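What the coordinates show
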Amino acid sequence: MDDLTDQELYDELIASLAAEGVRAQAGPDRSTILIHNGWDLGGSAPPEIFEPPLELHVDPHALGRHLRGTADDAQQAMGGSSPLSAALSLFLVHLMEAVETRSGRRRLRLGRGGVDTC
């Protein structure tokens, strides 16, 4: 995974969200990711639906730079054989936390600690 391009990492993020039950898609110009529902955590309640969708403001280049910049620390925190895979896993945790604690805000962006609401 450590040899993926920025575009491939962006697509991998969307695929990873889908694997967790989150319906997400690239925005029209790939400068955002539109998140249509929350995580399906296997509970009795269905995932929250976002209408209009939440907007994660990130393009492939910014995502790639962010994940590569956090890869070594992420691998120490998350383990695993691939630093970039660990960075993506940690980013997903930060994204889920930001979505769950967004206090009605609909826009998300890369932040120093992962994902911030705005």
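In this report, we go over the structure that sits alongside the text.

The rules behind the values
Residues numbered from 1 in each chain as written. Predicted model: local features only at pLDDT ≥ 70, side-chain atom pairs only at ≥ 80, totals over all residues. Heavy atoms only, no water. Axes fitted to C-alpha atoms, helices over the stretch in contact; angles between N-to-C directions. Helix = DSSP H or I, 4+ residues; strand = E, 2+ residues; numbered from the N terminus. Parallel < 35°, antiparallel > 145°, perpendicular 65-115°, else oblique. Contact = heavy atoms within 4.5 Å. Nonpolar A, V, L, I, M, F, W, Y, C, P; charged D, E, K, R; others polar. Polar contact = N/O pair within 3.5 Å; in protein donor to acceptor, adjacent residues only side chain to side chain. Core = buried A, V, L, I, M, F, W, Y, C linked by side-chain atoms within 4.5 Å. Buried < 20%, exposed > 50% of the residue type's maximum accessible area, 1.4 Å probe, protein only. Expected span 1.5 Å × (residues − 1). Bend = angle between axes of the 7 residues up to and from the residue. Salt bridge = Lys/Arg side-chain N within 4 Å of Asp/Glu carboxyl O.

1. Notes on the packing of helix H1 (residues 6–19) against helix H2 (residues 60–78)
- Closest axis-to-axis distance for the H1/H2 pair is 8 Å, and the angle between their directions is 85°. Classified by the angle between their axes, H1 and H2 sit roughly perpendicular to one another. Each of Asp6, Gln7, Leu9, Tyr10 and Leu13 in H1 lies in contact with H2, whose residues at this interface are Pro60, His61, Leu63, Gly64, Leu67 and Arg68.
- Each residue belonging to the contact of H1 with H2 can be placed in one class, and the counts come to six nonpolar, three polar and two charged.

2. Topic: the side chain of His36
- As for its placement among the helices and strands, His36 is situated in strand S2 (residues 32–37).
- Side chain to side chain, His36 and Gln25 meet in a polar contact 3.1 Å long.
- When neighbours within four sequence positions are excluded, His36 is seen to be in contact with Arg23, Ala24, Gln25, Glu48, Ile49, Phe50 and Pro53.

3. Quick notes on the nonpolar core
- Counting 30 residues, the largest nonpolar core has Leu13, Ile33, Ile35, Leu56 and Leu95 as the members making the most contacts within it.
- At the level of secondary structure, the elements contributing two or more residues to this core comprise H1, S2, strand S3 (49–57), H2 and helix H3 (83–100).
- Among the elements that make up this core, the one with the highest residue count is H3 (nine residues).
- Not counting chain neighbours up to four residues away, the residues in contact with Ile35 comprise Val22, Arg23, Ala24, Phe50, Pro53, Leu54, Leu56, Leu95 and Leu108.

4. Considerations on H2
- The terminal C-alpha atoms of H2, which comprises 19 residues, lie only 23 Å apart, well short of the 27 Å expected from a rise of 1.5 Å per residue.
- The largest bend along H2 reaches roughly 55° and is located at Ala71.
- Turning to H2, its buried residues number three or more, namely Pro60, Ala62, Leu63, Gly64, His66, Leu67, Ala71 and Ala74.
- In this structure, the buried side of H2 is in contact with H1, H3, strand S4 (107–111) and strand S5 (114–117).
- Among the residues of H2, the N-terminal cap falls to Asp59, whose side-chain oxygen and the backbone nitrogen of His61 are separated by 3.0 Å.
- Among the residues trailing H2, Gly79 stands out with phi positive, at a value near 75°.

5. What about the pattern of salt bridges?
- Applying the stated rule across the entire model yields three salt bridges.
- Among the ionic pairs, Asp6 bridges to Arg68, the shortest N-O distance being 2.5 Å. You can see Asp6 sitting in helix H1 and its partner Arg68 sitting in helix H2, a full 62 residues away along the chain.
- Assessed through its relative accessible area of 38%, Arg68 is described here as partly exposed.
- For Asp11, the salt bridge goes to Arg30, with nearest N and O atoms at 2.8 Å. With Asp11 in helix H1 and Arg30 in the loop between strand S1 (24–26) and S2, this residue pair connects regions lying 19 residues apart in the sequence.

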